[in-house]
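# Structural description and commentary
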Amino acid sequence: RTCAAPSALRPQILSLGAGSDSLYFRLKSAGHLAGAAVWEVDFPDVARRKAEKIQDTPELCALTGPFQTRASALCFESVDYRLLGVDLRQLSRLDQALASAGLNAASPTLLLAEAVLTYLEPKDAAALIAWAAQRFPDAIFVTYEQMRPHDAFGQVMQQHFRQLSSPLHGLDRFPDVEAQKHRFLQAGWTACCAVDMNEFYRCFLPSEECQRVENLEPFDEFEEWHLKCAHYFILAASRGDTLFETLVFPPSEMFPRIDPASPSGVFPASVVTSDSKGPNLKRYGHASVLLNRNIILSAGGFGEQEGRHCRVSKFHLLSRYGDFEWKSNQICSCETGAQWDGRLYHTMTRLSDTEVLVLGGRLSPVTPALGILQLGISKSKDNTTKDLNVTITKADPEDSTLSCWRHSTTEVSYDNQKYLFVYGGRSVVEPVLSDWHFLHTGTMAWVNIPVVGEAPEGRHSHSACSWQGGALIAGGLGASEEPLSSVLFLKPISCGFLWESIIIQPPITPRYSHTAHVLNGKLLLVGGVWIHSSSVPGVTVIDLTTGLSSEYQIDTTCVPWPLMLHNHTSILLPEEQQLLLLGGGGNCFSFGTYLNPHTVTLGLSSLHAGQ
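What you see is a predicted model; the values in this text were computed from it and never measured. (Residues numbered from 1 in each chain as written. Predicted model: local features only at pLDDT ≥ 70, side-chain atom pairs only at ≥ 80, totals over all residues. Heavy atoms only, no water.)

Turning to the overall build of the chain, a few remarks are in order. Along the chain, the regular secondary structure elements total 11 helices and 41 strands. A principal-axis box enclosing the C-alpha atoms of the chain has dimensions of 85 × 50 × 45 Å. For the chain, buried positions account for 54% of its 611 residues. Considering only contacts in the chain between residues 6 or more positions apart, those separated by 24 or more positions represent 64%. Put simply, the chain shows about 26,400 Å² of open surface, and 51% of that area lies on carbon and sulfur atoms. Mean positive and mean negative side-chain charge positions of the chain (47 and 62 charges, respectively) differ by 5 Å. (Helix = DSSP H or I, 4+ residues; strand = E, 2+ residues; numbered from the N terminus. Buried < 20%, exposed > 50% of the residue type's maximum accessible area, 1.4 Å probe, protein only. Contact = heavy atoms within 4.5 Å. Areas by Shrake-Rupley, 256 points an atom, 1.4 Å probe, with all protein chains shown as cover. Lys, Arg positive; Asp, Glu negative; His and termini not counted. Charge placed at Lys NZ, Arg CZ, Asp CG, Glu CD.)

This is the structure in structure tokens:
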């Protein structure tokens, strides 16, 4: 809505760097202009092209009403719409052109700058912000821009704009919302508030609009959506008697900031494979399993194969030679058996050194991967991985029990029998699942086992790992796309299992798309995505006896940056006190696809030393 004026002064909108924005026409056609006028400013050639397009489009001319076009800075003029071609860095010329076009600086004014200031040199952006504060005594200045340049996603974002020859300026000086607010207050604005786009979307958009957006198309790129929203902010600065008290973004308890505790230590990271030692695992949404102490098998996901990005069909082997050297290799499935169907967001469970079970996954956001796959790994004659073969068998091609993905599969024990506990996920019908299933590994049959206690809320993209015959479930993305912080234990009891909630102090930051392991009675939560803190996820360590949590940073000094720790897999090597991080990354929307280029190891000895 436009600003309401208590006097006869007509409210006005001034859009700086408007480009091809259709704001005026949308407001006018919807009847929301309410007597206000709109001024738009951009480079002269941009403004002229827009004016010509409007003239050539009868539907747009019908909205503007009678108009005039000029060869001067004022390219297009109607009763309530003016389009000016002026360089925003030439403030005296801008001031003169606006005054000549009839802009009344005393009127209540809404200034808009959508992804504009960041493309100006910092000194030019500062001058424009200060000019607006001095020129308009009764105004709100709203801007939408990028921030958080230093983390992994921020590095990919900056690289994208550098490749377009449109580098982002000033992000080092104004990297977050607090710095941006201080920037406007220093320039003469009386009040200022700013939120990132995760908070804006969740707290300030009407629920029906959120529902409309979420129903536009099938969607499964939650990590990239939340990360992109975390790297954009919307800010509103105000001054003047009429608009000073306007709370554009009133404080909301719906989106609390939950920052992690101060780091208790550091886990050093190093590269364990390189291009010279075989093809690297460049993929995400895959699954990995430790076949034996020396062989890790990964399958599925989306990534790089034969020079292109696609759903990966080849298997990846990471094999250890000696105590410290790993070598990677890619192999295809045997031609005599079934072929890999292209699934991702599935799970893989080791049944033996030569057998792996694949459950769930999807082919697309509307196509689940049905059926259970059994992978048979046959060794070469010389007992090396050079000629290792993988045979795919459809264990139950008609089974539709697991038409889900982003779920978890954990080995549990009941009545001296081994079962796979399959929990949560999402499906074509249900965006979040809360049910669970037990698969008997000996007979490959689904069975019913009693589970008592309060069932946890549904979730997907959570972590799960075995502990004391049961399953530890941590985090995940819940209903309404809300990251969760709960840690639950499916505890074995005499008649089945019991859901227990583990109380953690201090509370951990809600997260999802992380991995988890238990080492010496401690639960390690590795990486992930969170939206309630601006810090970078490292490793959260939870003592399962006391419930005390601590945070460990990942030292990436010796690792090529950026390192994206979501959609990855991890393998714990307890004897070596190491954690291997395999793959990870994602399709960062218009910024392009980023895949972690190397397998990375985290040294956990500092955790062991602190026990």
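And the narrative resumes.
When you line up the elements, E40 lands in strand β2 (residues 37–42). Separated by 2.6 Å, the side chains of E40 and K50 make a polar contact. Engagement of the side chain of E40 in a polar contact is seen with the side chain of Y81, the distance being 2.8 Å. Here E40 is in contact with S15, A18, D21, Y24, K50, Y81, R82, L83 and L84, once residues within four sequence places are set aside. (Polar contact = N/O pair within 3.5 Å; in protein donor to acceptor, adjacent residues only side chain to side chain.)

Before going further, it helps to examine the sheet that holds strand β14 (residues 302–305). In space, the 3 strands of this open sheet follow the order β11-β14-β15, with antiparallel pairing throughout. The sheet terminates laterally at β11 (283–284) and β15 (308–311), the two strands that pair on one side only. Where β11 meets β14, 2 bridges bridge the pair, whose relative direction is antiparallel. Note that in β14 the partner of Y284 across the bridge is F302. (Pairing = 2+ DSSP bridges.)

Ring pairs (aromatic) are described by centroid distance and by the angle formed between their planes. Within the structure shown, the criterion is met by 26 aromatic pairs. Arranged with centres 6.3 Å apart and planes meeting at 35°, the rings of F200 and F204 form a pair that is tilted. Of the residues examined, F200 reaches a relative accessible area of 17% and is grouped as buried. Following the ring pairs from residue to residue traces out a cluster consisting of Y414, F421, Y423, W436, F438, F497 and W499. Of note, R183 hangs over the ring of F174, and the distance from its end group to the ring centre comes to 4.2 Å. A cation sits over an aromatic face here: K228 above F591, 5.0 Å from the ring centre. (Phe/Tyr/Trp six-rings, centres within 6.5 Å; stacked < 30°, edge-to-face > 60°. Lys NZ or Arg CZ within 6 Å of the ring centre and 35° of its normal.)

Before going further, it helps to examine empty space enclosed by the protein. For the structure on display, the rule yields 5 cavities of 30 Å³ or more. Put simply, the largest cavity is a space of about 40 Å³. Along the walls of the largest cavity sit L291, N292, I295, D353, I377, K379 and L388, which together make up its complete lining. Split into classes, the residues belonging to the lining of the largest cavity amount to 4 nonpolar, 1 polar and 2 charged. (1 Å grid on protein atoms, 1.4 Å probe; cavity = no way out; pocket = protein on both sides within 12 Å on 5 of 7 lines; lining within 4 Å. Points joined across faces, edges and corners; volume = space filled by probe spheres on them. Nonpolar A, V, L, I, M, F, W, Y, C, P; charged D, E, K, R; others polar.)

Along strand β38 (residues 578–582), 4 of the 5 residues are buried, which leaves the element largely enclosed by surrounding structure. Here strand β37 (residues 569–573) runs beside β38; their pairing, made up of 5 bridges, is antiparallel. Residue pairing across strands places S570 opposite L581, the latter belonging to β38. Connecting β37 to the next strand, β38, in antiparallel fashion are 4 residues, including Q577 with a positive phi near 55°. Where β38 meets strand β41 (residues 600–603), 4 bridges bridge the pair, whose relative direction is antiparallel. Looking at the pairing, L581 lines up with V600 of β41.

Turning our attention to the pattern of salt bridges. Within this structure, the stated rule accounts for 28 salt bridges. Notably, a salt bridge pairs K28 with D80, separated by 3.1 Å at the nearest N-O pair. One end of the pair, K28, is in helix α1 (residues 23–30); the other, D80, is in the loop between β4 (74–78) and β5 (81–85), and 52 residues separate them in sequence. Between E199 and R257 there is a salt bridge; the shortest N-O distance is 3.6 Å. Of this pair, E199 sits in helix α8 (residues 197–203) while R257 sits in the loop between β9 (232–239) and β10 (263–271); the two residues are 58 residues apart in sequence, bridging distant segments of the chain. Its relative accessible area of 40% is what places R257 among the partly exposed residues. (Salt bridge = Lys/Arg side-chain N within 4 Å of Asp/Glu carboxyl O.)

With that out of the way, let us pick up the sheet that holds strand β31 (residues 487–493). Reading across from one edge, β28-β32-β31-β30-β29 is the order of the 5 strands in this open sheet, with mixed pairing throughout. The sheet is open, and its two borders are formed by β28 (451–452) and β29 (463–467), each paired with just one other strand.

Our next topic: the pairing of β2. Walk down a regular strand and you will see the side chains alternate between the two sheet faces. In terms of burial, β2 is a largely internal element, 6 of the 6 residues being buried. With burial as the criterion, each face of β2 is covered, one bearing A37, W39 and V41 and the other bearing V38, E40 and D42. Where strand β1 (residues 12–16) lies against β2, 5 bridges are found, and the strand directions are parallel. Within the sheet, the bridge partner assigned to L16 lies in β2 and is V41.

Turning our eyes to something else, we now look at the nonpolar core. Ranked by size, the top nonpolar core spans 43 residues in total, and within it Y81 and F591 carry the most contacts. For this core, the leading source of residues is helix α6 (residues 152–163), giving 5 residues. Composition of this core by domain shows at least three residues from each of domain 1 (12–146 + 175–196 + 234–239) and domain 2 (265–608). If near-sequence neighbours (up to four positions away) are discounted, Y81 is found in contact with Y24, F25, V38, E40, K50, I54, T64 and F76. By size, the runner-up hydrophobic cluster in this structure holds 40 residues, among which are L16, L128, A133 and F184. (Core = buried A, V, L, I, M, F, W, Y, C linked by side-chain atoms within 4.5 Å. Domains from an automatic or database assignment.)

All right, on to the domain arrangement of the chain then. Each assigned domain of the chain is listed here: domain 1 (12–146 + 175–196 + 234–239) and domain 2 (265–608). The C-alpha-based centres of domain 1 and domain 2 are spaced at 49 Å.

Moving on: the layout of surface pockets. Considered as a void within the structure, the second largest pocket measures approximately 1,300 Å³ in volume. Put simply, the parts of the chain that give the lining of the second largest pocket at least two residues each are β12 (287–292), β18 (347–352), β24 (408–414), β29, β33 (515–519) and β37. With 6 residues, the single largest contributor to the lining of the second largest pocket is β12. Across the lining of the second largest pocket, the residue classes tally to 13 nonpolar, 23 polar and 4 charged.

Here we come to the packing of helix α4 (residues 91–100) against helix α5 (residues 122–135). In a pair of packed helices, the angle between the axes and the distance between the axes together describe the arrangement. The interhelical angle for the contact between α4 and α5, taken along N-to-C directions, is 40°, at an axis separation of 11 Å. One way to sum up the angle between α4 and α5 is to call them oblique. In this structure, α4 crosses over α5, and the sense of that crossing is right-handed. Of the residues in α5, those touching α4 at L91, L94, D95, L98 and A99 are A127, L128, W131 and R135. Partitioned by chemical class, the residues of the contact of α4 with α5 number 7 nonpolar, no polar and 2 charged. (Axes fitted to C-alpha atoms, helices over the stretch in contact; angles between N-to-C directions. Parallel < 35°, antiparallel > 145°, perpendicular 65-115°, else oblique. Left-handed = near helix turned anticlockwise from the far one by under 90°.)

Its place among the elements puts F67 in strand β3 (residues 67–69). Residue F67 is classed as partly exposed on the basis of its relative accessible area of 31%. The spacing of F67 and R362 is 295 residues in sequence and 54 Å in space, taken between C-alpha atoms. Not counting residues up to four positions away in its chain, the partners in contact with F67 are Q55, C61, F76, E77 and S78.

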